[in-house]
Amino acid sequence: MNYRHAPGFGRTSLVVGAALLATAATTFAAASTSATTAPKRLVGTFLITKGTNVRGAPHGSYFRMVDPGGSTTKGKFFSNPDSRAINKTFTLISPGTAGGLKTGSFQPAPSTAFDAKGDSRAKSIILPTNFTGINFSVATESTDAQTKIKVSAPSITVLKGKLSGDLRAFAANWNNLSFNQGSPKPNGTRPGLTAPVTGTYNAKTHAYVLTWASEIIGGPFNDFTGVWHLTGTFRAK
Amino acid sequence: MPVLSGQSSPVPGPRRWAIGVIAAIGVALIVLPFVFSMFARAPKGASMIAGFRPYMTTARLDGNQREIRQINSGVHEATTTAASALASGSGHAAGSLAARLPDVAAFGSQWGPIDTSMTNMLTTIQSNLGNYDAVAALPKFTLFPWFFVIPGIIVLIIVLIAVVRPRLWSAARWVLIALGIGLILAPVAFQMFSRAPAGGRMVKAFQTIETTANVQSIQGDFGTIASGQGAIQLELVPSLRSAGLTDAQIAARFPGIVRLDNNWVGILNDLTPMIGAMSDNVGNYQAVAALPPFALFPWFFVLPGLLIGGLAFAAGPRGRRDQPNLVPVRNRPAAEGES
C-alpha cells in the first residue's frame, strides 16, 4: 500500500505533540509546586525537651527576658537568680503534664490560676518555674487573660522544613499577673521587639525548634520582651 | 386674645445684645471640652484615679516604706557584717566580697542610689495622699465634659425659645438665672475650690514620677533588687552556712538578711503591681497634666454662671419705654379709616 505522506504532517504532529507535552509538564510541575508550597498545619503536641546546662551553656528549652531598649540577641537580659541555668539570664523550662505545647486546642490555667503566694498553678505546657522567688508558668486561653481579647488556638505550620505560626493565645502567669507572650499579640500586631514564630522541623525525626519574641504591653514589665526557645519533638494528634 | 400692632415684637422680649452674649456663652460651654480634648482626657483621668486607688492608702504606703527599709537593712548586713563574717571564716579580707560573691557586692554598690530614689518617690506619693483623696472625692472625671456641654445646650435651647417665642422670655430668663446660680453653686457643692487645687498639686508632684523614663528606671531598679536579693539568698546565705554558721546563728547574727529573705515574696507581691500601676498610668497622667490647671476648674463654672445669670437678669424684659407699640389694638382709639 502506498501511503501518501501529507507534506509537513509529521513535523506538525511533532510540534503539536511537543506543545501538548510541554503544557502537561508545566501543569504537572505547577501542581506539584503548589503541593509543596502549601504550608501544612501541624496539629498535635510540640513535646518540650527539658532545659539543661551543657558545657556551661543552656540546652533544650528556655526563656529569656530582654530589658526595655535592649535587643533579643544582645540584651540587656533580665537576670533570674533562681534559674537553674549557669547563665542566669536563661530560665530553663521543663515539660508540663501534657508534655508540651498543643496546637489546635487550648491549655488553660486552672480556674484558680495562682496560689496564695502568687505562684502560677498552670502546669500543662511547662512545670511552674521559679522566677525571682515566685513560680511562673504558661497557658493558652481562648480569652487572653491580660487583654481580655478572644484569640484563636495555637497554630503551627510547616513549609519545606521551616516552621511558622500564630501563638497569640500564649501567656505567662506570675505573681497574680498575666502577661501575654504570644506572637502576634492578641490584637494581631507585633509591637516593639515582638518577632514572628519561626523554627525548623524534621519530618522524619519530628524534631523541632521553635522561637519567637513577644514584647510585654502593660503592667510592671511593660516594654520588656520575652524570648522563647522551645525544642523537642512533635507528636501529631 | 389681645391683638398687638407694630413692626417690632409687641410682647416683652429680651434685649438682643444680651441674648446674643448668652448664646455665645452657651456655645463656649459646649465648645470648651472639645478645645481641651476633655472627652479623651477626662476618662484617662478617671482611669488614673481608679488605677492608683489600691496603692494610695496610708497603710499600703507605710508598708512599702517598711519594705524598702527591710531591703536596706538586708543589703547593709550583707555587705558589712556578713561579709566580715565570711572573710574571717575564710581568712580573706573583707574587701574580697567582690571576688567571692560579685553579685552580692554589685548589689551593695547599686543599692544606695536605688534606696534614695525609691524612698524619695514613696515619700512624694505619701505626701500627696491628701491631694489624691481630694481629687478622688470630686465627681467622676468622665462627667466633667458634660458639666459644660449640658448647661451649654440648655442655654442655647432657652435662647432659641426666647427668640422664637418672645412672650416666653420672662419665664425663660428665670430658668437662665437659675442655671447661672447652679453653675456658681456647683463648685461650692463639690468643694472644688479646695479639691481642684489639691489635684493640681498632685499633678505637679507626680510630674517627675509618671514619666516613661522614670518608670523604666524603676523597672530596672526592680530587676537589680530581684537579682540582688537572689544573690543574698542563694549565694551569701549558703556561703555563711559553708563557713560553719547554723541557720539559727545566721538568724541571730543577721536578722536583716533573714527578714529580707523571709519577706521577699511579700515585697514582690506589694511592689510589682504598684510598678505596674505606675507604668500603666503614664499615658493617663500625661492626659490629665495636659488639661487646663486644676485650680481654674471652679472658675470655669463660676464665671459662665455669673455671666449667664447676670445677663439674663439684665436682658429684660424690656420696659414700656423700650416698646412703644405694646398697646393692644382693641384698647387704642379707632384711627381714621378703621372700622
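Definitions and cut-offs
- Each chain has its residues counted from 1, running along the sequence as written.
- Labels are handed out in written order, letters beginning with A for the chains and numbers beginning with 1 for the ligands.
- Two thresholds apply to this predicted model, a pLDDT of at least 70 for residue-level local features and 80 or more for giving and counting side-chain atom pairs, whereas whole-chain, interface and lining totals are computed over all residues.
- In DSSP terms, a helix is any run of H or I states spanning at least four residues, a strand is any run of E spanning at least two, and both are numbered starting from the N terminus.
- Our exposure labels follow a C-beta count within 10 Å of each residue's own C-beta, placed from the backbone: buried means 20 or more other C-beta atoms, exposed means 12 or fewer, and partly exposed covers the counts in between.
- Our contact criterion uses C-beta atoms placed from the backbone: two residues qualify when those atoms are within 7 Å.
- Should DSSP find at least two bridges between two strands, the strands are regarded as paired.
- In this count, Pro and Cys sit with the nonpolar residues alongside Ala, Val, Leu, Ile, Met, Phe, Trp and Tyr, while Asp, Glu, Lys and Arg are called charged and the others, Gly among them, polar.
- Per residue, pLDDT measures the predictor's confidence, with a range of 0 to 100.
- Lines fitted to C-alpha atoms define the axes here, with helix axes fitted over just the stretch in contact, and angles between the N-to-C directions of these axes take values from 0 to 180 degrees.
- For classification purposes, an angle smaller than 35 degrees is called roughly parallel, one larger than 145 roughly antiparallel, one from 65 to 115 roughly perpendicular, and anything else oblique.
- Each helix crossing is assigned a hand: it is left-handed if the near helix lies turned anticlockwise from the far helix by less than a right angle, otherwise right-handed if that turn is clockwise.
- As used here, a nonpolar core is made of buried Ala, Val, Leu, Ile, Met, Phe, Trp, Tyr and Cys residues. They are joined through C-beta atoms within 7 Å.

## Here's the deal with the overall build of chain A
- Helix and strand counts for chain A stand at one helix and 17 strands.
- Per-residue burial for chain A yields a buried fraction of 45% across its 237 residues.
- When contacts within chain A are restricted to residue pairs at least 6 apart in sequence, long-range pairs at least 24 apart make up 59% of them.

## Some points on the overall build of chain B
- Of regular secondary structure, chain B possesses 15 helices and zero strands.
- When the 339 residues of chain B are sorted by exposure, 37% land in the buried category.
- Long-range contacts, defined as pairs at least 24 residues apart, comprise 91% of the intrachain contacts of chain B with a sequence gap of at least 6.

## Notes on unusual backbone geometry
Residue and element names in this part refer to chain A.
- Following Gly75, the chain continues to Lys76 via a peptide bond in cis, the omega torsion being 5°.
- As for its placement among the helices and strands, Lys76 is situated in strand 6 (residues 75–77).
- In this chain, Ser183 is followed by Pro184 through a cis amide linkage whose omega measures -5°.
- By the secondary structure assignment, Pro184 is in the loop between strand 14 (177–180) and strand 15 (195–201).

## Here we look at the pairing of strand 2 (residues 44–48) of chain A
- Examined bridge by bridge, strand 2 of chain A and strand 17 (residues 225–236) of chain A share five bridges and lie antiparallel to one another. Residue A:Ile48 lies in a different strand from strand 17 of chain A, and its bridge partner there is A:Gly232.

## Structural notes on the interface of chain B and chain A
- Across the contact, 19 residues belong to chain B and 18 residues belong to chain A.
- Listed by contribution, the elements that provide at least two residues to the side of chain B that touches chain A are helix 11 (212–242) and helix 13 (255–280) of chain B.
- Looking at the side of chain B that touches chain A, the element that brings in the most residues is helix 13 of chain B, giving 10 residues.
- For the side of chain B that touches chain A, the residue count by class is eight nonpolar, 10 polar and one charged.

## A look at the confidence of the model for chain A
Residues and elements named next belong to chain A.
- Summary statistics for chain A give a mean pLDDT of 89 and a share of 85% for residues scoring 70 or more.
- Scored below 50 in pLDDT, residues 1–9 makes zero contacts in the model with residues more than four places away or belonging to other chains.
- Across residues 30–35, confidence stays below pLDDT 50; counting only partners more than four residues off in sequence or on other chains, it has zero contacts.

## As for the packing of helix 6 (residues 102–127) of chain B against helix 11 of chain B
All names here are of chain B.
- Orientation of helix 6 relative to helix 11, taken along the N-to-C sense of each, is 140°, at an axis distance of 9 Å. With respect to their mutual orientation, helix 6 and helix 11 come out oblique. Crossing hand, helix 6 versus helix 11: left-handed. Residues Asp103, Val104, Phe107, Gln110, Trp111, Ile114, Ser117 and Met118 of helix 6 touch helix 11, and the partners they reach there are Asp221, Thr224, Ile225, Ser227, Gly228, Ala231, Ile232, Glu235 and Leu236.
- Here the contact of helix 6 with helix 11 is built from residues that sort into nine nonpolar, five polar and three charged.

## Things to note about the nonpolar core
Residue and element names in this part refer to chain B.
- Core analysis: the largest hydrophobic core is formed by 84 residues, its most contacted members being Ala82, Val104 and Leu236.
- In terms of residue count, the dominant contributor to this core is helix 11 (10 residues).
- Not counting chain neighbours up to four residues away, the residues in contact with Ala82 comprise Glu77, Leu236, Leu240, Phe254 and Ile257.
- Listed in part, the 45 residues of the second largest apolar core include Ile25, Ala42, Phe147 and Leu291.

## Some remarks on the environment of B:Gly20
- For B:Gly20, the location among the structural elements is in helix 1 (residues 16–35).
- The spacing of B:Gly20 and B:Pro293 is 273 residues in sequence and 29 Å in space, taken between C-alpha atoms.

## As for the packing of helix 3 (residues 58–79) of chain B against helix 13 of chain B
Residues and elements named next belong to chain B.
- The N-to-C vectors of helix 3 and helix 13 enclose an angle of 140°; their axes lie 9 Å apart at closest approach. Judged on the interaxial angle alone, helix 13 and helix 3 are oblique. Note that helix 3 runs across helix 13; the crossing there is left-handed. Here helix 3 contributes Gly63, Asn64, Glu67, Gln70, Ile71, Ser73, Gly74, His76, Glu77 and Ala78 to the contact with helix 13, which in turn contributes Gly256, Ile257, Arg259, Leu260, Asn263, Ile267, Asp270, Leu271 and Met274.
- Partitioned by chemical class, the residues of the contact of helix 3 with helix 13 number seven nonpolar, eight polar and four charged.

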